[in-house]
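Residue-level structural notes
Letter by letter, the chains look like this.
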Amino acid sequence: MNQDGAALPSNVPVAVIGAGTMGSGIALVAARAGHPVLLHDAAPGAIQRGVDGLRRDLDRLVDKGKMSAQERDAQLGRITALPNIDDIGPAGFVIEAIVEDFGVKRDLFRRIEAAVAPDAILSTNTSSLSVTALAAVLDRPERFLGVHFFNPAPILPLVEIVSGHVTTPAVAATAFATCLAWGKTPVHCRSTPGFIVNRVARPFYGEALRLIAEGAATPATLDAILREAGGFRMGPCELMDLIGHDVNYAVTRTVWELLFQDPRYKPSLVQKELVDSRQLGRKTGRGFYDYSKGAAPPVADDAPAGPRPSRVVIEGDLGPAAALAGLGQAAGLSVETRDGAGVIRIDGVALALTDGRSATARFAAEGGPEVLFDLALDYGTAKRIAVAAADQAPSGACAAAAGFFQALGKRVSVLDDAPGLVVMRTVAMLINEAADAAHQKVGSVADIDLSMLKGVNYPRGPLAWCDALGAPRVAAVIDALAHAYGEDRYRTAPLLRRHALTGRRFHAA
């Protein structure tokens, strides 16, 4: 182990325990970096299956001309089967990637510790179990940490370097530097439930599940809005189908239970029903969507064509939606600007960006606007905008709003009147969770944003997104959700509240 945080030399053997998809992928990452790799799995035939899977993947790269046959053979040649775990002694770095069962992992690490050298680094790839608790069963818990790769390990760059309560800084620094030398993007974090990614990402799934439970929109419509307006690579429903609802539900439940049933992480009955019925997503052929052969692809609900506006009046500052004025002019609309409270008036109908309240509640408090529209990552490139009308709105209000956005070249999804709509609500809750993680020193501001960019491919780090929207706006959205639902789930994180009061940014301008 290097006290200065230098990477382990490539001649140091790396042992990977677990030859499934994740373990074999980690083995390939280490072998690719030049390390001799000892691959162990207790299940008969699992090591050979893991190596055969790697060979198939590398053969495809060779066939595509992205790798030479010699390099393929060299990488696979560095991976050696380790049938007996008690022969793990030569390993200087051990990475465990077996079943998420605390008792099984505990017993495994007791055997490993007895077999390796005193300065060997021991690590777990767990995504949700406590690194501190696992370390506590060892005689030398200070050399134990989490090294959490994301699947598929050879492709996804992020690795969370998770320090337990007694992990020495030198061990974490060496693991960090080693993963960096392996071509990964490591981040430091504390051993808390969900670490960074699986904690901060919970609202991405949780808010979609809640909107489905409330009948605000179909899964296909929610996915389309978050992809085509929010800029996310995948929508939450299709992503849960890909991950597997059993896995996603289990992580949510684990985080919720380990955080003493904090309502922010409360599991959804919608997802529980899918798990109970074994509709787990792609792996069972059915989840939110039907994956059987010949099944029709999911289709988002699109508003019918609305009337093209004869006159558009933009009153005041539209904030994050300011680009709509220029887009309207570029589309050939008659656009007039004047002072006001951030409202767009279209042929007698008032539109405004959601502030977290439902359109009905806002109309009751202020006498308008009739229609609210959702946040977009970039209104210029967004392909879809979501809108919702107040219950008090006259007939034709949604058609007028749809006609405006359709004139700008957007598809329009009309939602039931849900507080915060979809993108604004989801992004605000992601920001709130990230702010709380920063406040509790789970990770640094920079590492939290980097984790969400590299670990789950978000279009923008949540805290950078907060800086773009302004902390006062985000806090106001969370407050409005809290008022609408009357639940502690929607409580504003203390650090976000402080930034809202001072105008301070998370990242330096």
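Below, the structure is looked at part by part.

How each quantity is defined
- Residues numbered from 1 in each chain as written.
- Predicted model: local features only at pLDDT ≥ 70, side-chain atom pairs only at ≥ 80, totals over all residues.
- Heavy atoms only, no water.
- Disulfide = S-S within 2.5 Å.
- Buried < 20%, exposed > 50% of the residue type's maximum accessible area, 1.4 Å probe, protein only.
- Helix = DSSP H or I, 4+ residues; strand = E, 2+ residues; numbered from the N terminus.
- Contact = heavy atoms within 4.5 Å.
- Pairing = 2+ DSSP bridges.
- Axes fitted to C-alpha atoms, helices over the stretch in contact; angles between N-to-C directions.

**Some remarks on the state of the cysteines**
Under the criterion given, the structure shown has 0 disulfides. Looking at Cys179, it has no disulfide partner, and the nearest cysteine sulfur is the one in Cys189, 12 Å off. Residue classification places Cys179 among the buried positions, given a relative accessible area of 0%.

**Some thoughts on the environment of Arg78**
Mapped onto the elements, Arg78 comes out in the loop between α3 (69-77) and β3 (79-81). Overall, the relative accessible area of 25% leaves Arg78 in the partly exposed class. Taking C-alpha positions, Arg78 is 4.9 Å from Pro36, a pair spaced 42 residues apart along the chain. Setting aside residues up to four positions removed in sequence, Arg78 forms contacts with Ala31, Arg32, Gly34, His35, Pro36, Val37 and Glu71.

**Considering the sheet that holds strand β5 (residues 121-124)**
With respect to topology, 8 strands assemble into an open sheet ordered β3-β2-β1-β4-β5-β6-β7-β8, the strand pairing being mixed. The open sheet has two edge strands with one neighbour each: β3 and β8 (185-190). Going from strand to strand, the sheet's axes swing by 25 degrees on average, the running direction of each strand aside. As judged from the 4 bridges shared by strand β4 (residues 93-96) and β5, these two strands associate in the parallel manner. Within β5, the position partnered with Ile95 by the bridge is Ser123.

By themselves these figures say nothing about function.
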